[in-house]
Amino acid sequence: MGNPTPPLMSSPSHLEHRRLLLKFMLGSPLLGLTFCTTPAEKKELTEKIFDGITDPSQALDVFDFEKVAQSKLPPAHWGYLATGVNDDITIQANRDAIANVKLKMRRLIDPTQVDMSTTLFGKTWPTPIVLSPVSSHRAFHPEGELATARAAKSKNHLQILSTVTTTSVEDVTAERGAPVWYQLYALNDWDATKDMIQRAEAVGTEVMVFTVDLAAGSNRITLERMKRLDTRQCNNCHSSNRFEHKPMVSNAEGIEFEEKLTWDYVDKLKATTKMKLVVKGIETAEDAALCLKHGVDGIVVSNHGGRASETGRGTLDCLPEMVDVIQGKIPVLIDGGFRRGTDIFKALAIGANAVCVGRPYIWGLASFGQQGVEGVLQILRDELEMVMGQAGTKTVAEINRSFLA
Ligand SMILES: Cc1cc2nc3c(=O)[nH]c(=O)nc-3n(C[C@H](O)[C@H](O)[C@H](O)COP(=O)(O)O)c2cc1C
């Protein structure tokens, strides 16, 4: 006698059928997408289909660059880019604050004539989208800040160069073919700090962005955990002198960032330089008022992309009270979690003059160098242009709080 037919009970259960179907669908994603029923299944499949773009033109949004960047970067460098502080709650708060703002669209206004141009300190840019200062671009791509400068040049975006850049302000300005804004971290040595200011001035820099949100330190746990996953010998590149590959910062022994920062320092900077002084890292109405009192020329509403203090407060949540204090007297820029044209539109509607992005353009840089940065900027521009058309706003000046629900 042959083997008996297996009893019906041993056939796959309903759930097992579903698991097998999903497995099959994951093997043939385009077909599978049609059969997905839950949002989670759809997300899983969608990610599989669009994962691993091989050219910037394939990206549908800036997050497509994030996946490529993560796959290309060593864990410690990815950790440096991705980290927040403590539980990374403020990173998420930046995104949540933006998502919680709802938009009202207007209809039957010719959407084909959108002008995104934006003027800051007398200079007009094609869009209000700005590159935030991010340190050490060569940790993300061998061409580092030069690749970013070429992208900023080809798309004509304002680039803010970090104090801890891996390429000097002289070389970046030459590659950009125009002045950038220079971001300043105060050093514990005034002469070394003044040297950076003078070098920026000497190449025609007109605006200095003074970052004030890290003086008390920051507890970057995600970075420390990711470092432990990195099996490479970090001291092949990083020496005990943390500023060795940072051409703007003095290599002298004992040089550190200044911890004892107070408003007096703002006065000192104002008295030292002819450059416009923009203070970055302001989050409250009280400090916005103090900026006005101390003659600051502009502010960046910023929590350092959730990597300074764990406030749990998104920058977009902070923006209204600050715009209300500033009352248009000086430009208000903002950053933290801006990933889409609609995000940028919301900040402009509340009253920001320009919106800076940090991690997204670094995802582009790490993925495809200059072309990656250009790809990210193009997506953000296209998306902003689209939402402006949908809202019937022909210029940035027309975007106001009436478009917020
Ligand atoms: C890897 C990394 C390095 C950064 N380095 C600097 C810096 O050198 N100076 C500075 O003022 N801000 C620095 N920032 C903060 C950014 O300028 C900006 O505030 C933040 O990235 C905006 O948030 P987003 O990344 O969510 O767009 C850095 C941010 C990241 C992610």
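Calculation rules
Residues numbered from 1 in each chain as written. Predicted model: local features only at pLDDT ≥ 70, side-chain atom pairs only at ≥ 80, totals over all residues. Heavy atoms only, no water. Phe/Tyr/Trp six-rings, centres within 6.5 Å; stacked < 30°, edge-to-face > 60°. Helix = DSSP H or I, 4+ residues; strand = E, 2+ residues; numbered from the N terminus. Buried < 20%, exposed > 50% of the residue type's maximum accessible area, 1.4 Å probe, protein only. Salt bridge = Lys/Arg side-chain N within 4 Å of Asp/Glu carboxyl O. Pairing = 2+ DSSP bridges. Core = buried A, V, L, I, M, F, W, Y, C linked by side-chain atoms within 4.5 Å. Domains from an automatic or database assignment. Contact = heavy atoms within 4.5 Å. Right-handed = clockwise from strand over helix to strand, strands pointing away. Near = heavy atom within 4 Å. Polar contact = N/O pair within 3.5 Å; in protein donor to acceptor, adjacent residues only side chain to side chain. Areas by Shrake-Rupley, 256 points an atom, 1.4 Å probe, with all protein chains shown as cover. Disulfide = S-S within 2.5 Å. Axes fitted to C-alpha atoms, helices over the stretch in contact; angles between N-to-C directions. Parallel < 35°, antiparallel > 145°, perpendicular 65-115°, else oblique. Left-handed = near helix turned anticlockwise from the far one by under 90°. Nonpolar A, V, L, I, M, F, W, Y, C, P; charged D, E, K, R; others polar. pLDDT = per-residue confidence, 0-100.

*Asks:* Can you tell me about the packing of aromatic side chains, naming the residues and giving the values?
*Replies:* Summed over the entire model, instances satisfying the criterion amount to nine aromatic pairs. Measuring from ring centre to ring centre gives 6.0 Å for Phe63 and Trp363, while their planes differ by 40 degrees; the resulting arrangement is tilted. With Phe63 in helix H4 (residues 63-72) and Trp363 in helix H15 (residues 359-391), this pair connects stretches of sequence that are 300 residues apart. Residue classification places Phe63 among the partly exposed positions, given a relative accessible area of 23%. For Trp363, a relative accessible area of 3% gives the class buried.

*Asks:* Please provide a residue-by-residue account of unusual backbone geometry, values included.
*Replies:* Positive phi outside glycine occurs at Asn156, with the angle close to 55 degrees. Given a relative accessible area of 32%, Asn156 falls into the partly exposed group. In this structure, His304 is a non-glycine residue whose phi angle is positive, near 65 degrees. Among the structural elements, His304 can be located in the loop between strand S8 (298-301) and helix H13 (315-326). For His304, a relative accessible area of 12% corresponds to the buried category.

*Asks:* Give me the pattern of salt bridges: which residues, what numbers.
*Replies:* Overall, the coordinates contain 13 salt bridges when judged by the stated rule. Arg95 is paired through a salt bridge with Asp343; the nearest N and O atoms lie 2.9 Å apart. Of this pair, Arg95 sits in helix H6 (residues 89-99) while Asp343 sits in helix H14 (residues 341-350); the two residues are 248 residues apart in sequence, bridging distant segments of the chain. Given a relative accessible area of 4%, Asp343 falls into the buried group.

*Asks:* Give a description of the sheet that holds strand S5 (residues 181-184) that names residues and reports values.
*Replies:* With respect to topology, eight strands assemble into an open sheet ordered S3-S10-S9-S8-S7-S6-S5-S4, the strand pairing being parallel. Strand pairing shows two members of the sheet lacking a second neighbour, strand S3 (129-131) and strand S4 (160-161), which therefore form its edges. Across two bridges, the pairing between S4 and S5 is parallel. Each bridged residue has a counterpart across the sheet, and for Ile160 the counterpart in S5 is Trp181.

*Asks:* Residues and numbers for the nonpolar core, please.
*Replies:* Burial of nonpolar side chains together is a common tendency in soluble globular proteins. Membership of the largest hydrophobic core comes to 93 residues, with the highest contact counts inside it found for Ile299, Leu316, Leu319, Ile334 and Leu384. Looking at this core element by element, the count peaks at 15 residues for H15. The residues that make up this core include at least three from each of domain 1 (19-73) and domain 2 (90-219 + 256-403). The residues contacting Ile334, other than those within four sequence positions of it, are Val300, Val301, Thr315, Leu316, Leu319, Ala347, Ala352, Ala354, Val355 and Cys356. Of all hydrophobic cores here, the second largest spans 13 residues; its members include Trp125, Val130, Trp181 and Val300.

*Asks:* Which residues make up the pairing of strand S10 (residues 354-357), and what are the values?
*Replies:* In S10, alternate side chains face the same way, and those of Ala354 and Cys356 on one face and Val355 and Val357 on the other are all buried. Bridge analysis of S3 against S10 gives three bridges, and the strand direction is parallel. Bridging across to S10, Val130 finds its partner in Cys356. Pairing of strand S9 (residues 332-334) with S10, which is carried by two bridges, proceeds in the parallel orientation. Across the sheet, the residue bridging to Ile334 is Val355, located in S10. Remark: the S9/H14/S10 crossover connection has right-handed handedness.

*Asks:* Hey, could you go over the site of the ligand for me, with residue numbers and the actual values?
*Replies:* Pro133, Ser162, Thr211, Asp335 and Arg339 are the nearest of the 24 residues found near the ligand. Interatomic distance of 2.9 Å between a backbone N/O atom of Gly337 and an oxygen atom of the ligand. Considering the ligand on its own, with 600 Å² of exposed area, one finds that the protein chains cover 99% of that surface. Contributions of two or more residues to the shell around the ligand are made by helix H5 (75-82) and H15.

*Asks:* Give me the state of the cysteines: which residues, what numbers.
*Replies:* One pass over the structure, following the stated rule, counts zero disulfides. Free cysteine Cys234: the closest other cysteine sulfur is in Cys237, separated by 8.1 Å. The class for Cys234 is partly exposed, based on a relative accessible area of 37%. With a relative accessible area of 54%, Cys237 lands in the exposed category.

*Asks:* Explain the packing of H13 against H14 to me, using residue names and the numbers behind them.
*Replies:* Running from amino to carboxyl end, H13 crosses H14 at an angle of 20 degrees, the nearest separation of the two axes being 9 Å. If you check the angle between H13 and H14, you find them roughly parallel. For H13 against H14, the interelement crossing comes out right-handed. Of H14, the residues touching H13 (which contributes Leu316, Leu319, Pro320 and Val323) are Lys346, Ala347 and Ile350. Classifying every residue of the contact of H13 with H14 gives six nonpolar, no polar and one charged.

*Asks:* Hey, could you go over the confidence of the model for the protein chain for me, with residue numbers and the actual values?
*Replies:* For the protein chain, per-residue confidence averages 92 on the pLDDT scale, and residues scoring 70 or more make up 88% of the total. Here residues 1-12 is modelled with pLDDT under 50, and outside its nearest four sequence neighbours on either side it reaches one contact, counting other chains as well.

*Asks:* Mind laying out the environment of Pro74, listing which residues take part and the relevant values?
*Replies:* Mapping Pro74 onto the fold places it in the loop between H4 and H5. Owing to a relative accessible area of 19%, Pro74 belongs among the buried residues under this scheme. For the pair formed by Pro74 and Met226, sequence separation is 152 residues and the distance between their alpha carbons is 9.3 Å. Those residues within four positions of Pro74 in sequence are excluded, and the remaining contacts are Asp230 and Arg232.

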